[in-house]
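Topology and contacts: notes
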Amino acid sequence: MPPLHPNEIPTTPALVRELLATQMPEWAGLPLRYAGAGTDNTMYRLGDEYVVRLPRTPEGSPARELTWLPRLAPHLSHRVPEPLRHGAPTDRFPAEWTVSRWIEGEEPGPGTVRDWTAFGADLATFVRELRGAPLMGARRADGLSWYRGGQLRGIAAQAEAALAGCAALGDALDLDLTALREVWKTALALPDAEGPEGWLHGDLRPANLLVEDGRLHAVLDFGTLSLGLPDAEHSPVFDLPPEARTAYRAALALDDTTWTRARGWALAVAALAVPYYWKTLPDFAAESVTRLRNVLADAAGTGPDDRAPDTAHPAAGTVAP
């Protein structure tokens, strides 16, 4: 993939082999092949059992996954990454990196999900279990704070700038931006969210989910694991077909106010991604446009726009802005 961020660290198979040879020599001779990249990480399949995961920027860190995933995994019904080894920064690669166990599966989409209603209920189960997991002494102050665990009004300025960036794309975007701004204003006018803070994955979009035998099998990429309020956690369900959204909402018994705030979060996060990735990662920009169309359809009480592409895209990771 081309660079997405100004301070990106380029990686090659040769660099990964160099890191393995100096820090994990027992694995240096295993077959190595590129396994994909998201907005924040690049992955290389190592043999049949492992995956090397390298942050795309020096600020990327696997600390949250290394510290908390082993403690959270026993509380979750679905598989999550299992970090096995922790790589140290070097002069050639100035960031921490990990080797985890490889998890088989496919990204959710029309050809892989057997029943979207069941898939939405499965995703709701994961969210409920993660949010209900004990804190085990974790605090937001301990590197577990992220904007998506806060109040919607906390990103008002960024969301409005992003909508302006979308408008600057003109006819190429083909979206009703006036209607989107009305949806945003409606969500922003609601009272602030209340309730205890809990665990949040932070980016449950389809690229971070794996399907096996037609059902949700695993959840990937906990780089945005945090503690906070749950409204933004629901927003990626707007990437899914309406029957999945309906089942998800029913399984979590989300009231109208919570759902409207979640819709506002879905809009804001997608709007941030569209102008940022429009030229550098068009598949992800297209995925975000699809989400915005689904937001409009949901707000209007109609089905998804017939022009929307499939929900499955090769990009993975989290929105940089």
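To be clear, the structure that these remarks concern was listed above.
Notes on the structure follow.

Cut-offs used in this document
- Residues numbered from 1 in each chain as written.
- Predicted model: local features only at pLDDT ≥ 70, side-chain atom pairs only at ≥ 80, totals over all residues.
- Heavy atoms only, no water.
- Phe/Tyr/Trp six-rings, centres within 6.5 Å; stacked < 30°, edge-to-face > 60°.
- Helix = DSSP H or I, 4+ residues; strand = E, 2+ residues; numbered from the N terminus.
- Buried < 20%, exposed > 50% of the residue type's maximum accessible area, 1.4 Å probe, protein only.
- Lys NZ or Arg CZ within 6 Å of the ring centre and 35° of its normal.
- Core = buried A, V, L, I, M, F, W, Y, C linked by side-chain atoms within 4.5 Å.
- Contact = heavy atoms within 4.5 Å.
- Axes fitted to C-alpha atoms, helices over the stretch in contact; angles between N-to-C directions.
- Parallel < 35°, antiparallel > 145°, perpendicular 65-115°, else oblique.
- Left-handed = near helix turned anticlockwise from the far one by under 90°.
- Pairing = 2+ DSSP bridges.

Inspection of every chain in the model, using the stated rule, returns 10 aromatic pairs. Ring centres of tyrosine 34 and tyrosine 44 lie 5.9 Å apart, and the angle between their planes is 75°; on these two criteria the pair is classed as edge-to-face. In this pair, tyrosine 34 is assigned in strand β1 (residues 32–37) and tyrosine 44 in strand β2 (residues 41–46), connecting sequence segments 10 residues apart. Between tyrosine 147 and tryptophan 265, the aromatic rings sit 6.2 Å apart at their centres with planes inclined by 40°, giving tilted as the arrangement. Of this pair, tyrosine 147 sits in the loop between α3 (116–132) and α4 (156–168) while tryptophan 265 sits in helix α7 (residues 256–277), placing them 118 residues apart in sequence. For tyrosine 147, a relative accessible area of 22% corresponds to the partly exposed category. Here the basic side chain of arginine 85 rests over the ring of tryptophan 27, its NZ or CZ set 5.5 Å away from the ring centre.

What follows is about the nonpolar core. Counting 61 residues, the largest nonpolar core has Phe119, Phe126, Trp184, Trp199, Tyr248 and Leu267 as its most contacted members. In this view, tryptophan 199 contacts Trp68, Leu72, Leu130, Arg131, Ala133, Pro134, Leu135, Ala138, Leu144, Leu225, Ser226 and Leu227; residues no more than four positions away in its chain are not counted. Leu15, Val16, Tyr44 and Leu54 belong to the second largest nonpolar core, which has 18 residues in total.

Moving on, we get to the packing of helix α5 (residues 177–188) against helix α8 (residues 282–300). Where α5 contacts α8, the axes come no closer than 10 Å and their chain directions differ by 65°. The angle between α5 and α8 places the two elements in the roughly perpendicular class. Handedness of the α5/α8 crossing: left-handed. Side by side, α5 and α8 meet where Ala179, Leu180 and Val183 of the first sit next to Leu292, Val295, Leu296 and Ala299 of the second.

To continue, consider the environment of leucine 15. Mapping leucine 15 onto the fold places it in helix α1 (residues 13–23). Along the backbone, leucine 15 and arginine 92 are 77 residues apart, and their C-alpha atoms lie at a distance of 7.9 Å. In contact with leucine 15, not counting residues within four places along its chain, are Pro10, Arg92 and Phe93.

Our focus in this paragraph is the side chain of histidine 234. Looking at the secondary structure, you find histidine 234 in the loop between β9 (226–228) and α6 (242–252). With residues near it in sequence (within four places) discarded, histidine 234 still touches Val127, Tyr248, Leu252, Leu254, Thr258 and Ala262.

Strand order in the open sheet formed by 5 strands is β1-β2-β3-β5-β4, with antiparallel pairing between adjacent strands. The sheet is open, and its two edges are formed by β1 and β4 (83–87), each paired on a single side. Strand-to-strand twist across the sheet, computed as the mean angle between neighbouring axes with direction ignored, equals 25°. Running over the sheet, α1 touches β1, β2, β3 (50–55), β4 and β5 (97–101) and is turned about 85° from β5.

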